Amino acid sequence: MNILLNLKEALQSLNANKLRSLLTILGIVIGVASVIALLSIGESAGDSITGEIESIGTNVIYILSGNDSDDVTNPKDLTLQDAEALANSRRAPEVAYVAPVISGGSEISYGAEGRETSISGVTPDYQFVQNITMAEGDFISEAQVEGRSAVVVLGPEIAQNLLGRSSGIIGSAVRIGGYPFRVIGVTEAKGGSAFNNPDNNVFIPISTAQTRLPHGDSPNAVQFILVSVAQAEDADQAIQQITDVLRSTHRIPPRSPNDFSILNQQDFLAVAASITNVLTIFLGGIGAISLLVGGIGIMNIMLVSVTERTREIGLRKALGARKKDILLQFLTESVLLSMIGGLLGIALGWAIALVVSQIATRSGTPLEITVTANSVLLATLFSAAVGIFFGYYPANRAASLAPVEALRYE
Amino acid sequence: MAEKENVIRIENLAKVYQMGEIQVHALRGVSFSVDRGEVLAIMGPSGSGKSTLMNMIGCLDIPSSGDYFLEGELVSSLNDDQLALVRNRKIGFVFQKFNLLARATALANVELPLRYAGINGDRKARAQKALESVGLGDRIYHQPNELSGGQQQRVAIARALVNEPAIILADEPTGNLDSKSGEEIMKLLLDLNKTQGTTLLIVTHDPEVAAVAERIIHLRDGSIEGQEVRS
Ligand SMILES: Nc1ncnc2c1ncn2[C@@H]1O[C@H](COP(=O)(O)OP(=O)(O)OP(=O)(O)O)[C@@H](O)[C@H]1O
Ligand SMILES: [Mg+2]
């Protein structure tokens, strides 16, 4: 049997029941559209997180209190003393800069304009660890840390939101947690992602943060310590040195596990990958369920169609159709249904992804959504598979009809 | 074999339908042979088993017992695909209810057996020629609902002859037609028998139709009641 002729005949038969075919297709359209939209949104969110992490740079190491992999009870807080010890170039020669950070949520306001945000208490070295460049003014200085000055460095976006502009604002007074702070600098715009936008950062001296921000029990505790390595290739060596230093400052006996964690870019990427994988599987699963429902719709309609056309099947068999001819005829119809639905679904899913990306951008979290060739391929193959899987049973039923009985069927 | 070649040879063919508790004996051991090129009519009251017998001969149904040889081949030894091939190549069907595909043109209906035969190149030309031979050369793109009953039955005949089968089985081919259309249909079938040597088996209630046959088999209650051999 000629494939083209088969296709033409299947189209004719679907065309004869336009509304019914359309409704059946709709089930697949919705299923495939949700697979495409959800997968590409999930993938884009993953990309956004990954890009964020990659922007950390390969030479930056995070040190956190506590240890997930070993059973550590009562881990010691990381302290300013730990940071000092790490900064000692004799104890940790590969470490370039050390930046302890105290961060906490607080309200920042200017006039009537105010918002709840995360404030970071930092030392001057933070600028070098994170490669921050200033658009105007200066970053926090050693003297301001020592003097517990009420000064603040703003990211351009939060400055814009709060003061209505991001330049010419040096000397303006904003309030953090009710206390007045003088703006001494604005950082260069970096452009942010959905999850951590550096243009929204608010920096104050770490000493000021100790008194003004809520943080750990001991007065010298910090949330985390950022360390930069002079040469990215020496990161492993630096990690070893950091481990040695902190084990001694925390007085950890030999063979006991660390009560702190050292993470570099690779570790974050691994964590992010596992999160985005879960996200993708979850979103894809939702889409797959709607595709399944669409597939059952196809099966239902094909069964109806087989029953309606029993006499036709009998006649075709009387004229010499083999089992596989009938099987192919009905499979072609169901695959055609699901493939048309699949193609429309790809277009619709694409449109949905675009709309979501527009909405996300409008609401301030730019999310670059791209429909990947992978998800299109997946959706196409999946919808074809749905057509074959759910079409096979009705088609086989048609093909197995005994010729006389089919012909006699009323 | 020295004896005259039998296209069809049936020995003790029986068909029993199980209807729940009761058994319906549609055929009770029927035996006869049909020569190549013969015109045979089968008559009998309603329910006597005529259609059942035709379905067996057309390889549409399987007998409960007995043997059926088609061109010397034991049909019960064939598998599904081989049976489909036999129906496609050796047998042409003409039904009482025409049985055309409603949404296809006359041409597409006649092309159908050629498609299942895997003929692609001159399929359209052959189907067109078949339609011309039944006098429908100017109606090839009409759909069945645009044709009269007699014309529809002629399409069915074109479809039956297009693969040049050895046998044409016609189950009450004139049953749904007026006498004039019926005569035309019979004339077409007899022409085919004369020019191509096609064996004809015709089931009918109409003595006038049966009168054209060389032999008439009378069925009653699933058995052969008698045979008439005519000139
Ligand atoms: N599928 C079936 N199931 C049960 N009984 C059947 C079936 N098909 C036919 N029969 C029975 O077999 C017998 C013969 O039926 P058949 O159709 O061969 O009669 P017929 O001679 O063609 O009659 P008519 O002239 O009315 O067409 C009838 O008694 C009928 O009820
Ligand atoms: Mg009958």
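Parameters at a glance
Residues numbered from 1 in each chain as written. Chains lettered and ligands numbered in written order. Predicted model: local features only at pLDDT ≥ 70, side-chain atom pairs only at ≥ 80, totals over all residues. Heavy atoms only, no water. Helix = DSSP H or I, 4+ residues; strand = E, 2+ residues; numbered from the N terminus. Rg over C-alpha atoms; globule rule 2.2 N^0.38 Å. Buried < 20%, exposed > 50% of the residue type's maximum accessible area, 1.4 Å probe, protein only. Contact = heavy atoms within 4.5 Å. Lys, Arg positive; Asp, Glu negative; His and termini not counted. Charge placed at Lys NZ, Arg CZ, Asp CG, Glu CD. Buried area = accessible area lost by both parts, 1.4 Å probe. Salt bridge = Lys/Arg side-chain N within 4 Å of Asp/Glu carboxyl O. Polar contact = N/O pair within 3.5 Å; in protein donor to acceptor, adjacent residues only side chain to side chain. Pairing = 2+ DSSP bridges. Axes fitted to C-alpha atoms, helices over the stretch in contact; angles between N-to-C directions. Parallel < 35°, antiparallel > 145°, perpendicular 65-115°, else oblique. Left-handed = near helix turned anticlockwise from the far one by under 90°. Nonpolar A, V, L, I, M, F, W, Y, C, P; charged D, E, K, R; others polar. Near = heavy atom within 4 Å. Areas by Shrake-Rupley, 256 points an atom, 1.4 Å probe, with all protein chains shown as cover. Domains from an automatic or database assignment. Phe/Tyr/Trp six-rings, centres within 6.5 Å; stacked < 30°, edge-to-face > 60°. Lys NZ or Arg CZ within 6 Å of the ring centre and 35° of its normal. Expected span 1.5 Å × (residues − 1). Bend = angle between axes of the 7 residues up to and from the residue.

**Student:** Sorry if this is basic, but what is going on with the overall build of chain A here?
**Tutor:** Counting its secondary structure elements, chain A contains 13 helices and 12 strands. Computed over the C-alpha atoms, the radius of gyration of chain A is 32 Å, more than 25% above the 22 Å expected from 2.2 N^0.38 for a compact globule of 410 residues. With the C-alpha coordinates of chain A rotated into their principal frame, the extents come out at 100 × 55 × 35 Å. In chain A, which comprises 410 residues, the proportion classed as buried is 48%. Relative to all contacts within chain A whose residues are 6 or more apart in sequence, the contacts with residues 24 or more apart total 77%. Side-chain charges in chain A split into 26 positive and 37 negative, and the spacing between the mean points of these groups amounts to 14 Å.

**Student:** Sorry, what's going on with the interface of chain A and chain B here?
**Tutor:** It is common to give the size of an interface as the accessible area lost on bringing the parts into contact. Facing 23 residues of chain A, the contacting portion of chain B comprises 22 residues. Both faces combined, the contact of chain A with chain B buries some 2,200 Å², and carbon together with sulfur accounts for 57% of it. The shortest N-O distance in the salt bridge between Glu9(A) and Arg115(B) comes to 2.7 Å. The interface formed by chain A and chain B holds 6 residue pairs in polar contact (both at pLDDT 80 or more) in total.

**Student:** Teacher, can you tell me more about the sheet that holds strand 7 (residues 167-171) of chain B here?
**Tutor:** What holds strands together in a sheet is hydrogen bonding between their backbones, with the strands either parallel or antiparallel. All names here are of chain B. A sheet is described by the order of its strands in space; here 6 strands give the open sequence 6-7-8-3-9-10, paired in mixed fashion. Both outer strands of the open sheet, strand 6 (91-94) and strand 10 (223-229), are each paired with one neighbouring strand and no more. The average undirected angle you get between the axes of adjacent strands in this sheet is 20 degrees. As paired elements, strand 3 (residues 39-43) and strand 9 (residues 215-220) share 4 bridges and run parallel to each other. Along strand 9, the bridge assignment pairs Leu40 with Arg215. Helix-sheet contacts for helix 5 (residues 149-161) involve strand 6 and strand 7, and the interaxial angle to strand 6 is about 170 degrees.

**Student:** For this particular structure, what's the right way to read the packing of helix 3 (residues 106-116) of chain B against helix 5 of chain B?
**Tutor:** Pairs of packed helices are described in terms of their axes, by the angle between the two and the distance that separates them. Residues and elements named next belong to chain B. One can describe the packing of helix 3 onto helix 5 by two numbers: an axis separation of 7 Å at closest approach and a directional angle of 30 degrees. Classed by the angle they form, the pair helix 3 and helix 5 counts as roughly parallel. By crossing handedness, the relation of helix 3 to helix 5 is classed as right-handed. Along the contact surface, helix 3 presents Ala106, Asn109, Val110 and Pro113, while helix 5 presents Val155, Ala158 and Arg159. Residues that form the contact of helix 3 with helix 5 fall into these classes: 5 nonpolar, 1 polar and 1 charged.

**Student:** Before we go on, may I ask you to explain the sheet that holds strand 4 (residues 65-70) of chain B in this structure?
**Tutor:** Residues and elements named next belong to chain B. Reading across the sheet, the 4 strands line up as 2-1-4-5 and stay open at both edges, with antiparallel pairing between neighbours. Two strands close off the open sheet at either side, each with one partner strand: strand 2 (22-35) and strand 5 (73-74). Of the pairings in the sheet, the one linking strand 1 (residues 6-19) to strand 2 comprises 10 bridges and is antiparallel in character. Looking at the pairing, Tyr17 lines up with Val24 of strand 2. Sheet strands touched by helix 1 (residues 50-57): strand 1, strand 2 and strand 4. Its angle to strand 1, the strand with the most contacts, is close to 120 degrees.

**Student:** So what exactly am I meant to see when it comes to the site of ligand 1 here?
**Tutor:** Residues in contact with ligand 1 amount to 15 residues; listed here are only the nearest, Ser46(B), Gly47(B), Lys50(B), Ser51(B) and Thr52(B). More than one chain reaches ligand 1: its neighbouring residues belong to chains A and B. Residue Ser46(B) places a side-chain N or O atom 2.4 Å away from an oxygen atom belonging to ligand 1. Contacts to ligand 1 include Gly49(B), whose backbone N or O atom sits 3.0 Å from an oxygen atom. Notes on ligand 1: free accessible area 630 Å², of which the protein chains cover 70%. If you list the elements that add at least two residues to the shell around ligand 1, you get strand 1, strand 2 and helix 1 of chain B. Among the elements that take part in the shell around ligand 1, helix 1 of chain B stands out by supplying 3 residues, more than any other. Considered class by class, the residues forming the shell around ligand 1 number 5 nonpolar, 7 polar and 3 charged.

**Student:** What exactly am I supposed to notice about the domain arrangement of chain A here?
**Tutor:** Taken domain by domain, chain A holds domain 1 (3-53 + 270-408) and domain 2 (77-249). Taking only C-alpha atoms into account, the centre of domain 1 of chain A sits 52 Å from that of domain 2 of chain A.

**Student:** Can you walk me through the packing of aromatic side chains in this structure?
**Tutor:** The geometry of an aromatic ring pair is captured by two quantities: the separation of the ring centres and the angle between the planes. Taken as a whole and judged by the stated rule, the model has 7 aromatic pairs over all chains. Summarising the aromatic geometry, the rings of Tyr126(A) and Phe139(A) are spaced 6.4 Å apart at their centres and angled 5 degrees between planes, so their arrangement reads as stacked. Of this pair, Tyr126(A) sits in helix 4 (residues 125-129) while Phe139(A) sits in the loop between strand 5 (134-137) and helix 5 (142-146), placing them 13 residues apart in sequence. A connected cluster of aromatic rings, assembled from ring pairs, spans Tyr126(A), Phe139(A) and Phe203(A). Here the guanidinium or amino end of Arg212(A) rests over the ring plane of Tyr179(A), the centre of that ring lying 3.7 Å away. The side chain of Arg9(B) reaches across the aromatic face of Phe69(B), ending 4.5 Å from its centre.

**Student:** What exactly am I supposed to notice about helix 12 (residues 373-399) of chain A here?
**Tutor:** Residue and element names in this part refer to chain A. Helix length check: helix 12 (27 residues) gives 37 Å between terminal C-alpha atoms against 39 Å at 1.5 Å per residue, within 8%. Of all the bends in helix 12, the largest measures some 45 degrees and sits at Tyr392, one to four residues before the proline Pro394. Considered for burial, the residues of helix 12 that qualify are Ser375, Ala379, Ser383, Ala384, Val386, Gly387, Phe390, Gly391, Pro394, Ala395, Ala398 and Ala399. Of the surrounding elements, those touching the buried residues of helix 12 are helix 2 (18-54), helix 9 (265-308), helix 10 (310-318) and helix 11 (323-362).

**Student:** Can you walk me through the packing of helix 11 of chain A against helix 12 of chain A in this structure?
**Tutor:** Residue and element names in this part refer to chain A. Between helix 11 and helix 12, the shortest axis-to-axis distance is 7 Å and the interhelical angle comes to 150 degrees. Relative to helix 12, helix 11 is oriented roughly antiparallel. Crossing of helix 11 against helix 12: the hand is right-handed.

**Student:** Sorry, what's going on with unusual backbone geometry here?
**Tutor:** Excluding glycine, most residues fall at negative phi; most peptide bonds, likewise, are trans. Residues and elements named next belong to chain A. Even without being a glycine, Asn131 presents a positive backbone phi close to 55 degrees. Note on placement: Asn131 falls in the loop between helix 4 and strand 5. Within the chain, Arg148 stands out as a residue other than glycine whose phi angle is a positive 50 degrees.

**Student:** Explain the pattern of salt bridges to me, please; I cannot follow it from the model alone.
**Tutor:** Any two side chains of opposite charge can pair, so long as their charged atoms come close to each other. Under the counting rule described, the total for this entry stands at 20 salt bridges over all chains. Residue Arg123(B) pairs with Glu111(B) through a salt bridge whose shortest N-O separation is 2.8 Å. Placement of Arg123(B) in helix 4 (residues 123-133) and of Glu111(B) in helix 3 is noted, with a sequence separation of 12 residues between them. Residue classification places Glu111(B) among the buried positions, given a relative accessible area of 13%. Between Arg139(B) and Asp138(B) there is a salt bridge, with its nearest N and O atoms 3.1 Å apart. What makes Arg139(B) partly exposed here is its relative accessible area of 27%. Among the residues examined, Asp138(B) registers a relative accessible area of 57% and is labelled exposed. A single salt-bridge network, built from bridges that share partners, covers Glu9(A), Arg309(A), Glu312(A), Arg316(A), Glu333(A) and Arg115(B).

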